[in-house]
Amino acid sequence: MATAVEPPSLFNPKRKKKPRERVVARKDVYWSHGSLISAAESTQESLDRMLAVARVILTFLTDILKPSDDAEDAPLHFLGAHYLTHREIEAEANGATRRALVHEICSLDAEETPLKRAFPGNLCGVFRADIRPVACAQGKTLSRKSFVKVELQGKGKVSFSRHMEEYEFNFPDVVFEDPLSEACRVFLKGDVVFKCASTGLSCVLNFFRDGGLKGSIERLAGNGWESVCKMSGQWTGNIDAHGLEQDSKAALFEAGEKPGVQESVDLSQLGPMRLPRLWTAIHDALVYCHPKNATNRAGERLAQTLSALKVLTPDSMGEVGALETGDSDEEEGEEENSGEVDNRDLPPSVKAEHRKGHCMGYALELKLMELDFDDVEDSKTKIPTTASLNLVEKRRQLEEEITAADNGSERRDVPIQDGGESQKATDME
């Protein structure tokens with residue numbers, strides 16, 4: 001007689017769990033930066049870690065001038081934008097996985113900074129860049145072509161929690177040679193310096209007009225600074241590191257991989273879109289290249305011509321050909337310098353922000369978190385979205401209303417519709 005067999009219960013605790021499949025990592029610019037920071041954090045030797053940090057910085061800087069075939073790398077609205085996302089990095093040998101949490105900002109408000117928020121897991125490393133581009137024009141002379149130098153004012157930082165190290169660095173200039181031509185040459189120029197107090201190592205990277213790069217790493221010793229490593233090559237191509245202590249040589253950086261560095265641009269077109277939010281800030285600096293910052297009279301006329309650049313959107317770019325120069329009347333120049341007339345192709349709200357002295361800025365914060373592999377999907381990490389940003393703005397408005405109503409009295413808890421939790425009005429960050 002056949003015996004009926006009870007089918008296995010879906011709630012049987014002895015039932016084996018089906019192994020989870022990891023989400024396929026999207027290998028874009030954020031994944032690339034996160035992977036390089038993860039590799040640098042996993043390096044054990046301090047000198048090798050300094051070289052890995054140099055690779056991170058070189059990658060970020062050359063990405064400024066790289067094109068992109070990603071549909072999401074598109075021009076931004078002229079009022080700015082916040083972009084929040086995350087990328088899954090390759091799993092570590094210890095069974096943990098690493099996640100890069102990204103918050104990128106392009107805004108006219110200098111007080112807007114990446115959100116301070118706690119996430120599950122252990123913080124491994126942080127990459128931070130805060131940039132305010134400022135343009136300065138120089139007109140054509142007998143000895144050289146006209147050019148516009150965009151200073152990337154601000155600081156960058158790379159830090160590793162486990163090693164208790166922090167590397168602070170500056171940015172080179174972005175130079176546009178003959179900016180009114182359809183094939184304007186663009187390149188990085190200047191010195192990038194970063195050092196680490198805990199290891200006593202300091203690095204200098206020299207960017208040259210022809211794409212060349214030279215660098216050196218020095219260590220603080222008892223008798224002063226001693227050179228331990230040299231770097232040479234092309235920042236548009238390959239860079240090698242030469243160890244002086246063991247007479248070794250190794251490849252440090254390869255920028256020739258597709259997409260390669262874009263060595264010329266047409267400012268009437270979109271331009272490189274590998275880092276579209278940073279390029280939007282650079283484009284805004286070109287549009288608002290003030291004649292007072294020019295180095296000569298021809299530079300003042302060049303700055304006035306650049307103010308006719310179109311808004312950086314797919315619909316508006318490319319409507320006209322290359323910009324053309326013309327002799328400006330003295331009265332028109334005086335009106336432009338005085339700020340009474342602003343004929344730029346921008347909405348009134350943007351013009352009003354610039355009249356207040358604001359300029360388009362850029363900020364990028366990438367946090368590298370390490371989570372247990374089995375708990376990656378169960379952690380339910382909440383990445384901030386546009387809705388959460390609106391919530392922060394709503395909290396700020398509530399705080400202003402409460403401050404005005406209380407007139408200096410004690411602060412009270414304000415219920416915010418955020419998952420049923422009540423938070424204090426002062427807990428904005």
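Heads up: the structure comes first, above all this text.
Structure report, in brief. (Residues numbered from 1 in each chain as written. Predicted model: local features only at pLDDT ≥ 70, side-chain atom pairs only at ≥ 80, totals over all residues. Heavy atoms only, no water.)

**Focus: the overall build of the chain**
A count of helices and strands for the chain gives seven helices and 16 strands. A buried classification covers 46% of the 429 residues belonging to the chain. Long-range pairs, those at least 24 residues apart, make up 63% of the contacts in the chain with a sequence separation of at least 6. Total accessible area computed for the chain in this model is approximately 23200 Å², and 48% of it derives from carbon and sulfur atoms. (Helix = DSSP H or I, 4+ residues; strand = E, 2+ residues; numbered from the N terminus. Buried < 20%, exposed > 50% of the residue type's maximum accessible area, 1.4 Å probe, protein only. Contact = heavy atoms within 4.5 Å. Areas by Shrake-Rupley, 256 points an atom, 1.4 Å probe, with all protein chains shown as cover.)

**Comments concerning the nonpolar core**
Within the largest apolar cluster, 92 residues are counted, with the highest numbers of intra-cluster contacts made by Phe60, Phe127, Val150, Phe176, Phe194 and Ile217. Top element by residues in this core is helix H2 (residues 46–63). It accounts for 11 residues. Beyond its immediate stretch of four places on either side in the chain, phenylalanine 60 contacts His33, Phe127, Ala129, Ile131, Phe171, Leu275, Leu278, Tyr362 and Leu364. (Core = buried A, V, L, I, M, F, W, Y, C linked by side-chain atoms within 4.5 Å.)

**Focus: the environment of glycine 215**
Structurally, glycine 215 is set in strand E9 (residues 212–221). C-alpha of glycine 215 to C-alpha of valine 193: the two residues are 22 residues apart in sequence and 9.7 Å apart in space. Residues in contact with glycine 215, not counting those within four places in the same chain, are Val204, Leu205, Asn206, Cys229, Lys230 and Met231.

**Description of the side chain of serine 202**
Among the secondary structure elements, serine 202 is positioned in strand E8 (residues 201–207). Judged by its relative accessible area of 11%, serine 202 is buried.

**Focus: unusual backbone geometry**
Unusually for a residue other than glycine, methionine 164 sits at a positive phi of about 55 degrees. Take methionine 164: it is sitting in the loop between strand E4 (147–160) and strand E5 (165–169). A positive phi angle, close to 55 degrees, is found at aspartate 178, a residue other than glycine. Following the sequence through the fold, aspartate 178 ends up in the loop between strand E6 (173–177) and strand E7 (184–196). Residue classification places aspartate 178 among the partly exposed positions, given a relative accessible area of 29%.

**Notes on the pattern of salt bridges**
Counted according to the given criterion, the structure contains 17 salt bridges. In this structure, arginine 274 engages aspartate 63 in a salt bridge whose closest nitrogen and oxygen atoms are separated by 3.5 Å. With arginine 274 in the loop between strand E13 (264–265) and helix H3 (276–287) and aspartate 63 in helix H2, this residue pair connects regions lying 211 residues apart in the sequence. Judged by its relative accessible area of 18%, arginine 274 is buried. (Salt bridge = Lys/Arg side-chain N within 4 Å of Asp/Glu carboxyl O.)

**Looking at the pairing of E6**
For E6, a buried count of five out of five residues is recorded, marking the element as mostly surrounded by other parts of the structure. Bridge count for E4 against E6 is five bridges, and the pairing is antiparallel. The residue of E6 that forms the bridge with lysine 149 is valine 175. Here E6 pairs with E7 via five bridges, running antiparallel. Within E7, the residue paired with phenylalanine 176 across the bridge is valine 186. In textbook terms, the turn of a hairpin is the stretch between consecutive antiparallel strands, and for E6 and E7 this stretch comprises six residues, one of which, aspartate 178, has a positive phi near 55 degrees. (Pairing = 2+ DSSP bridges.)

**Notes on the packing of aromatic side chains**
Applying the stated rule across the entire model yields eight aromatic pairs. For the pair phenylalanine 169 and phenylalanine 171, a centre-to-centre distance of 5.4 Å together with 75 degrees between the ring planes defines the contact as edge-to-face. Each member of the pair phenylalanine 169 and phenylalanine 171 is classed as buried. What links up through ring pairs into an aromatic cluster is the set Phe60, Phe127, Phe169 and Phe171. Its guanidinium or amino end placed over the ring of tyrosine 83, arginine 277 lies 4.3 Å from that ring's centre, counting from NZ or CZ. (Phe/Tyr/Trp six-rings, centres within 6.5 Å; stacked < 30°, edge-to-face > 60°. Lys NZ or Arg CZ within 6 Å of the ring centre and 35° of its normal.)

**Things to note about helix H1 (residues 29–42)**
Between its first and last C-alpha, H1 extends 20 Å over 14 residues, near the 20 Å set by a 1.5 Å rise per residue. A large share of H1 lies buried, amounting to 11 of its 14 residues. Restricting attention to buried positions, one finds in H1 the residues Val29, Tyr30, Trp31, Ser32, His33, Gly34, Ser35, Ile37, Ser38, Ala40 and Glu41. Structurally, the start of H1 carries an N-cap: the backbone nitrogen of tyrosine 30 is 3.3 Å from a side-chain oxygen of aspartate 28. (Expected span 1.5 Å × (residues − 1). Polar contact = N/O pair within 3.5 Å; in protein donor to acceptor, adjacent residues only side chain to side chain.)

**A short note on the packing of H1 against H2**
Between H1 and H2, the shortest axis-to-axis distance is 8 Å and the interhelical angle comes to 165 degrees. With respect to each other, H1 and H2 are oriented roughly antiparallel. Note on packing geometry: the crossing formed by H1 with H2 is left-handed. Across the interface between the two elements, Val29, Ser32, His33, Leu36, Ile37 and Ala40 of H1 pack against Arg49, Ala52, Val53, Arg55, Val56, Thr59, Phe60 and Asp63 of H2. Taken together, the residues of the contact of H1 with H2 break down into eight nonpolar, three polar and three charged. (Axes fitted to C-alpha atoms, helices over the stretch in contact; angles between N-to-C directions. Parallel < 35°, antiparallel > 145°, perpendicular 65-115°, else oblique. Left-handed = near helix turned anticlockwise from the far one by under 90°. Nonpolar A, V, L, I, M, F, W, Y, C, P; charged D, E, K, R; others polar.)

**A few points about the pairing of E9**
Each regular strand displays side chains that alternate between the two surfaces of the sheet. Bridging between E8 and E9 involves seven bridges; their strand directions are antiparallel. The residue bridging asparagine 206 from the neighbouring strand is lysine 214, located in E9. Counted between consecutive antiparallel strands, the loop separating E8 from E9 contains four residues, among which glycine 211 sits at a positive phi close to 90 degrees. Bridge analysis of E9 against strand E10 (residues 224–234) gives 10 bridges, and the strand direction is antiparallel. In the sheet register, arginine 219 faces E10, and the bridge partner there is glutamate 226. Between E9 and the antiparallel strand that follows it, E10, lie two residues.

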